[in-house]
Amino acid sequence: MSTQAPNEARVIPLRPQAVPPASGGARPQQRPVAAPPAPAPREPLWRDLVGDALRRERLAQERTLKDVAEAARISMPYLSELERGRKEASSEVLAAAARALGLGLGDLITLAQDELARYGRSQVGQVGRVGRVGQARRSGTAPTARYDGLCLAA
């Protein structure tokens, strides 16, 4: 004797389906749908940090894009894109832009690293933060990771 399984697919809906109103005016109860969790704040990209540092330094010196681009021997539109974080520059281009501003490459990287450290400190108290900062928030201790050193990976 053999028993055959029914030849029907089992479908599990991803969203709750609307239930047609029952006869007699009784309204069926629907389960409340939980709101999706809020996305975690996005960590800044390195190109954004470096671009912000370049722009802040250029504006602090009251220099124009054209002036700095000519001194660095890069195009003005490219320098603008670097400052806005639209392009990922090579170390040679970053060094040239830094020199045009009277900085060394290490100085520029330090400025960007300082901004990253400020970002890390500002995230300690935010809800939904993932990683060491979030673990520190949940445990009530200070974060174990600090951005005191310089580290670049290519």
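In what follows, the structure referred to is the one given above.
Quick caveat, the model's predicted, so the values are computed rather than measured.

What counts, and at which threshold
- Residues numbered from 1 in each chain as written.
- Predicted model: local features only at pLDDT ≥ 70, side-chain atom pairs only at ≥ 80, totals over all residues.
- Heavy atoms only, no water.
- Helix = DSSP H or I, 4+ residues; strand = E, 2+ residues; numbered from the N terminus.
- Expected span 1.5 Å × (residues − 1).
- Buried < 20%, exposed > 50% of the residue type's maximum accessible area, 1.4 Å probe, protein only.
- Contact = heavy atoms within 4.5 Å.
- Axes fitted to C-alpha atoms, helices over the stretch in contact; angles between N-to-C directions.
- Parallel < 35°, antiparallel > 145°, perpendicular 65-115°, else oblique.
- Left-handed = near helix turned anticlockwise from the far one by under 90°.
- Nonpolar A, V, L, I, M, F, W, Y, C, P; charged D, E, K, R; others polar.
- Core = buried A, V, L, I, M, F, W, Y, C linked by side-chain atoms within 4.5 Å.

Draft legend 1. Representation of helix 5 (residues 105-122) within the structure. The end-to-end C-alpha distance of helix 5, which contains 18 residues, comes to 26 Å, matching closely the 26 Å that a straight helix rising 1.5 Å per residue would cover. Within helix 5, burial applies to L108, I109, A112, Q113, L116, A117, Y119 and G120.

Draft legend 2. Broad picture of the environment of L108. Among the secondary structure elements, L108 is positioned in helix 5. Judged by relative accessible area, L108 falls into the buried class, the value being 1%. Discounting chain neighbours no more than four positions away, the residues touching L108 are V50, A53, L54, L94 and A98.

Draft legend 3. Structural context of the packing of helix 2 (residues 65-72) against helix 4 (residues 91-100). The interhelical angle for the contact between helix 2 and helix 4, taken along N-to-C directions, is 120 degrees, at an axis separation of 8 Å. Taken as axis vectors, helix 2 and helix 4 run oblique relative to one another. Here the hand of the crossing between helix 2 and helix 4 comes out right-handed. Only A96, A97 and A100 of helix 4 make contact with helix 2, whose side of the interface consists of V68, A71 and A72. For the contact of helix 2 with helix 4, the residue count by class is six nonpolar, no polar and no charged.

Draft legend 4. Up close: the side chain of S80. Relative to the helices and strands, S80 resides in helix 3 (residues 76-83). Not counting the four nearest positions on each side in its chain, S80 is found in contact with R55 and L65.

Draft legend 5. Region of interest: the environment of V68. The residue V68 is located in helix 2 in this model. A relative accessible area of 1% places V68 in the buried class. Residues contacting V68, with those up to four places away along its chain left out, are R58, R63, L79, A100 and L101.

Draft legend 6. Here's a closer look at unusual backbone geometry. We note that E62 has phi near 55 degrees; this positive angle belongs to a residue other than glycine. On the secondary structure map, E62 appears in the loop between helix 1 (46-60) and helix 2. For E62, a relative accessible area of 73% corresponds to the exposed category.

Draft legend 7. Representation of the nonpolar core. Core analysis: the largest hydrophobic core is formed by 22 residues, its most contacted members being V50, L54, I74, L79, L82 and L108. Of all the secondary-structure elements, those providing two or more residues to this core are helix 1, helix 2, helix 3, helix 4 and helix 5. Considering every element that reaches this core, the biggest residue donor is helix 4, with six residues.

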